[in-house]
Amino acid sequence: MKKKLSLRDINMILVVVGLLLLVATYFLVYQNYSEKNAELDTQLTEREAHLKELQGYYDNLKEYEKGTADGKVNISANLAKLPRGIKSEDFLVYIMDSTAEVNADLYSVNFNNENQISTFSTVIDGKKQECQGYQVSSSFSAQMNYEQLKSYLDYVYNESENITFVDSFAVTYNAEAAKLDTNFSLSKYYITFNGSEYVPVAVPDVAIGVSDPFHTR
């Protein structure tokens, strides 16, 4: 004989089924939306921080533009002091001109091999360029007095058109001539990049021999 469920039992079953559906809804729906909301909150916080950063950039836009313009001017000014190549004859002309500038007596000049010292990126004529930097060194001996020595150092660091450094120098007093025998080691620098062009230094004309050795004119 089948037993009929009472109304009380049916209500109890419905309550249990409702509770099960509620729990299932929580885990399957509510928790899923809760996780998505937490993810959206995180993204919103990150974007608010990014927006605040961008707002700071915008508020200081004129300052950044001025800094960029000043930076380009400084880059151009420094690059102007770096030729696109230096040959031995260029360095020789510099040494001859610089010692003549202080009326020193130049005795000898030696040249060393060039060295690549860096690779860097910069902006040249509004275009990003990959540059290679080189060091060229040379040494010479000359005789000068103390005032000429000071003037020569001032010329190298303050009057040279291109970047030049004194790596070292040695001084010996010549009692017979009452002057200083000096030995200088100098370094110059240049850069190359795609499309760069070497421009040689103007070499003064030097008279070689005589124009009419047999005096036929």
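Quick caveat: nothing in here was measured; it's all calculated off a predicted structure. (Residues numbered from 1 in each chain as written. Predicted model: local features only at pLDDT ≥ 70, side-chain atom pairs only at ≥ 80, totals over all residues. Heavy atoms only, no water.)

Colleague: Sorry, what's going on with the nonpolar core here?
Modeller: Among soluble globular proteins, nonpolar side chains are generally buried collectively. If you look at the biggest cluster of nonpolar residues, it comprises 20 residues, and the most contacted ones within it are Tyr94, Phe140, Met144, Tyr152, Phe184 and Leu186. Put simply, the parts of the chain that give this core at least two residues each are helix H3 (88–101), strand S3 (127–144), helix H4 (146–159) and strand S5 (179–192). Tallying contributions element by element places S3 first for this core, with 5 residues. Other than its neighbours up to four places away in sequence, phenylalanine 140 contacts Ile95, Thr99, Leu106, Ser108, Val109, Tyr152, Thr182, Asn183, Phe184 and Leu186. (Core = buried A, V, L, I, M, F, W, Y, C linked by side-chain atoms within 4.5 Å. Buried < 20%, exposed > 50% of the residue type's maximum accessible area, 1.4 Å probe, protein only. Helix = DSSP H or I, 4+ residues; strand = E, 2+ residues; numbered from the N terminus. Contact = heavy atoms within 4.5 Å.)

Colleague: Is there a simple way to think about H4 in this case?
Modeller: One turn of the α-helix equals 3.6 residues, which is why residues spaced by three or four share an orientation. End to end, H4 covers 19 Å across 14 residues, agreeing with the expected 20 Å (1.5 Å per residue, within 8%). For H4, the complete set of buried residues consists of Gln148, Leu149, Tyr152, Tyr155 and Val156. Along the long axis of H4, the arc covered by the buried residues comes to 120°, so they all point the same way. Structural note: H4 exposes Tyr146 and Asn158 on the side pointing more than 90 degrees away from its buried face. In the core, the buried residues of H4 are packed alongside H3, S3, strand S4 (164–174) and S5. If you check the start of H4, you find a side-chain oxygen 3.2 Å away from the backbone N of glutamate 147, and it comes from asparagine 145. (Expected span 1.5 Å × (residues − 1). Arc of directions from axis to C-beta. Polar contact = N/O pair within 3.5 Å; in protein donor to acceptor, adjacent residues only side chain to side chain.)

Colleague: Mind showing me how you'd approach the pairing of S3 here?
Modeller: Side-chain direction in a regular strand flips from residue to residue, so the side chains alternate between the two faces of the sheet. Among the 18 residues that make up S3, 13 are buried, leaving the element largely enclosed by the rest of the structure. Bridge count for strand S1 (residues 105–111) against S3 is 6 bridges, and the pairing is antiparallel. Looking at S3, one finds that phenylalanine 111 is bridged to serine 138. Pairing of strand S2 (residues 115–124) with S3 involves 9 bridges; the strand directions are antiparallel. The residue of S3 that forms the bridge with serine 121 is glutamate 130. In this sheet, S5 lies alongside S3 in antiparallel orientation, the contact comprising 13 bridges. (Pairing = 2+ DSSP bridges.)

Colleague: Can you help me understand the environment of glutamine 132 in this one?
Modeller: Relative to the assigned elements, glutamine 132 resides in strand S3. With relative accessibility at 24%, the residue glutamine 132 sits in the partly exposed group. A sequence separation of 15 residues divides glutamine 132 from isoleucine 117, and the C-alpha atoms of the two residues are 7.8 Å apart. Not counting the four nearest positions on each side in its chain, glutamine 132 is found in contact with Gln116, Ser118, Thr119, Tyr190, Ile191, Thr192 and Phe193.

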